[in-house]
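The chain contents come next:
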Amino acid sequence: MTYHIEVCIDNLESLHNAIEGGATRIELCSSLALGGLTPSFGFMKKAAEIATIPTYAMIRPRQGDFLYHQEDIDAMLLDIEAAAEAGLQGVVLGALNSKAQVDMHFTQQLVERAQLYGLGVTFHRAFDQCVDYQQALEDIITLGCKRVLTSGLAANVEQGVEVLTDLVKLSGGRISIMAGAGLNAENALAIVNQTGVKEVHLSGKSVRNSQMANISADAKMGSSSIDDFAIPVTNPEAIRKVVKVLSS
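If you look the protein up in an unreviewed UniProt entry, it shows as PF03932 family protein CutC from Vibrio nereis. UniProt lists a comment for the protein under the heading Sequence similarities (unreviewed entry), and it reads "Belongs to the CutC family." Recorded in UniProt for the protein, the comment headed Subcellular location (unreviewed entry) runs: "Cytoplasm".

Turning to the environment of aspartate 10, a few remarks are in order. Inspection of the secondary structure assignment puts aspartate 10 in the loop between strand S1 (4-9) and helix H1 (12-21). Accessibility expressed as a relative area gives 25% for aspartate 10, which makes it partly exposed. With residues up to four places along the chain from it excluded, the contact list for aspartate 10 reads Cys29, Ser30, Ser31, Leu32 and Phe43. Of the polar contacts made by the side chain of aspartate 10, one reaches the side chain of asparagine 11; its length is 3.1 Å. Engagement of the side chain of aspartate 10 in a polar contact is seen with the backbone nitrogen of leucine 32, the distance being 3.1 Å.

Where burial is concerned, the two faces of strand S5 (residues 120-123) agree: the one with Gly120 and Thr122 and the one with Val121 and Phe123 are both buried. Sheet analysis places strand S4 (residues 90-93) next to S5, joined by four bridges and oriented parallel. Bridging across to S5, valine 91 finds its partner in valine 121. Crossover connection from S4 via helix H4 (residues 104-116) to parallel S5: handedness right-handed. Note that S5 and strand S6 (residues 147-150) share two bridges and pair parallel. When the bridges of S6 are listed, phenylalanine 123 appears paired with valine 148.

With that out of the way, let us pick up the nonpolar core. Within the largest apolar cluster, 69 residues are counted, with the highest numbers of intra-cluster contacts made by Ile26, Val91, Phe123 and Phe127. Broken down by element, the residue count for this core peaks at eight residues, all from helix H3 (residues 70-86). If near-sequence neighbours (up to four positions away) are discounted, phenylalanine 127 is found in contact with Tyr133, Ala136, Leu137, Ile140, Val148, Leu149, Thr150, Leu153 and Leu167.

This part takes up helix H5 (residues 133-143). Taken together, the buried positions of H5 are occupied by Tyr133, Ala136, Leu137, Asp139, Ile140, Ile141 and Leu143. Contacts from the buried residues of H5 go to H4, S5, S6, helix H6 (161-171) and strand S7 (176-180). The backbone nitrogen of glutamine 134 has a side-chain oxygen 3.1 Å away, supplied by the residue at the start of H5, namely aspartate 132. Trailing H5 by a residue or two, glycine 144 shows a phi angle of about 95 degrees, which is positive.

Now for the sheet that holds S4. Strand order in the closed barrel made by the eight strands is S1-S2-S3-S4-S5-S6-S7-S8, with parallel pairing throughout. Neighbour-to-neighbour, the strand axes of this sheet turn through a mean angle of 25 degrees, independent of strand direction. Seen against the sheet, H1 touches S1 and strand S2 (25-28) and runs at an angle of roughly 165 degrees to S1.

Another point: the state of the cysteines. This model, assessed by the stated rule, comprises zero disulfides. Between cysteine 145, a free cysteine, and cysteine 130, which holds the nearest cysteine sulfur, the sulfur-to-sulfur gap is 11 Å.

For the rest of this paragraph, the subject is the side chain of threonine 165. Position of threonine 165 among the secondary structure elements: in helix H6. Only 2.8 Å separates the side chain of threonine 165 from the backbone oxygen of valine 161, close enough to count as a polar contact. Threonine 165 has contacts with Gln194 and Thr195, leaving out every residue within four places of it along the chain.

About the thresholds
Residues numbered from 1 in each chain as written. Predicted model: local features only at pLDDT ≥ 70, side-chain atom pairs only at ≥ 80, totals over all residues. Heavy atoms only, no water. UniProt positions renumbered as here; feature names shortened; annotations may be inferred. Helix = DSSP H or I, 4+ residues; strand = E, 2+ residues; numbered from the N terminus. Buried < 20%, exposed > 50% of the residue type's maximum accessible area, 1.4 Å probe, protein only. Contact = heavy atoms within 4.5 Å. Polar contact = N/O pair within 3.5 Å; in protein donor to acceptor, adjacent residues only side chain to side chain. Pairing = 2+ DSSP bridges. Right-handed = clockwise from strand over helix to strand, strands pointing away. Core = buried A, V, L, I, M, F, W, Y, C linked by side-chain atoms within 4.5 Å. Axes fitted to C-alpha atoms, helices over the stretch in contact; angles between N-to-C directions. Disulfide = S-S within 2.5 Å.

Structural data, given as structure tokens:
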């Protein structure tokens, strides 16, 4: 069986590493440490030039919850247009209402704009914050999304196996269920065998040291808890191992 292996990245070095490792799709983000935010136009444009596999842009204007206002949606619509102009193949998005349901009005605006430009649509892990996952799945299918990224409403895919299995059954082939959060080479085969998912999602993250010759530890660019000279990057070997396990 053929599986899709999507890798989320937030820098061009990781893009090269993910492709080298055997990824079949890229989720392009900024700020993966915050769960992924919208990448810049320059990043999208350059990624489109480099990538040899489908690349989807995260459309998420800020960190935090997925309860938006129309101004947020207006900005997201422009970001969708930017993704299309950059030459990407799809977008990753989602919006919820205050009752933790899929916001049909706002999400429909986003999906229709993506479809207008021929972009594929993934509904992201806002799904995992929905109060009723069965209704949320039907809503997402109605909206025309191609897939939903989910951990099965749990902290990670291992804990969400039961819900992931149910989602695959409920979907009935109408939408693809993509398992992500805590997925790696050690658990990937068990997850796909137990749940029936055919798409998986991971970052394969690692950290490399800065190559700067002179480092000042005093000036901080952000939080004092973050080491500015430890660079988060995708490890191609981590992706390669998942590919190998799922190809066996």
